[in-house]
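Chain residues, written in single-letter form:
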Amino acid sequence: MSNTAASEIRSLVATYALAVVSRDGKSWQSTWAENGIWELMGQTHQGRDHLLEHWNGLMGNLPFVYQLPGEGEIEIDASGKRGTGRFPTVEFAKFGDGPGNLLLGTYHDEYVVENGRWLFARRRMQIHYMGPSDLSGAPVPR
């Protein structure tokens, strides 16, 4: 794997997380391939415009959200134009007037080069825990 590809993909993951934190829909949308697929909490959404519409709906219910991606694993295929990765992620959020929430999960990613840029072709969140930030909730069964 080229160091350039890995660096560009790590930058993509960081751009995604920073867009969530700053609530920047345009920047968040720019991380997706035209026909990108987002799998989150049992729902699948496809297409850059539809993804942004769904993201805006989710963000409208979160007065506060902070996402922290961890160090991940990246593999690039022989073509140098597709890859996969896994990134552990911690997310703190507040839903409406309710209490704070902690999400511990792993993003399972597929990447593609589109118009000279690495983008998410598919992004699936595997949730390990979602509940009170004191970890008093039950972990999500695997």
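Whatever comes next refers back to the structure up there.
Source: prediction; values computed, not measured. (Residues numbered from 1 in each chain as written. Predicted model: local features only at pLDDT ≥ 70, side-chain atom pairs only at ≥ 80, totals over all residues. Heavy atoms only, no water.)

Enquirer: Mind showing me how you'd approach the overall build of the protein here?
Expert: What the protein contains, in helices and strands, is three helices and seven strands. Order of helices (α) and strands (β) in the protein, N terminus to C terminus: α-α-β-β-α-β-β-β-β-β. For 142 residues, the compact-globule formula gives about 14 Å, and the C-alpha radius of gyration of the protein, at 15 Å, lands near that figure. Dimensions of the protein along its principal axes, counting C-alpha atoms only, are 45 × 30 × 25 Å. Taken across its 142 residues, the protein has 42% of its residues classed as buried. A separation of at least 24 residues holds for 50% of the contacts in the protein among residues at least 6 apart in sequence. Put simply, the protein shows about 7800 Å² of open surface, and 52% of that area lies on carbon and sulfur atoms. Put simply, the protein has 13 plus and 16 minus side-chain charges, and the middle of one group is 1 Å from the middle of the other. (Helix = DSSP H or I, 4+ residues; strand = E, 2+ residues; numbered from the N terminus. Rg over C-alpha atoms; globule rule 2.2 N^0.38 Å. Buried < 20%, exposed > 50% of the residue type's maximum accessible area, 1.4 Å probe, protein only. Contact = heavy atoms within 4.5 Å. Areas by Shrake-Rupley, 256 points an atom, 1.4 Å probe, with all protein chains shown as cover. Lys, Arg positive; Asp, Glu negative; His and termini not counted. Charge placed at Lys NZ, Arg CZ, Asp CG, Glu CD.)

Enquirer: Just to check I follow, could you spell out the pattern of salt bridges for this structure?
Expert: Pairs can form between side chains of opposite charge whenever their charged atoms are close. Summed over the entire model, instances satisfying the criterion amount to seven salt bridges. As a salt-bridge pair, Arg48 and Glu114 come within 3.2 Å of each other at their nearest N and O atoms. Residue Arg48 is found in helix H3 (residues 48–59), and its partner Glu114 is found in strand S6 (residues 100–114); the two are separated by 66 residues along the sequence. A salt bridge links Asp109 to Arg123, with the shortest nitrogen-to-oxygen separation between them at 2.7 Å. Here Asp109, found in strand S6, pairs with Arg123, found in strand S7 (residues 117–131); they are 14 residues apart in sequence, far enough to count as distant. (Salt bridge = Lys/Arg side-chain N within 4 Å of Asp/Glu carboxyl O.)

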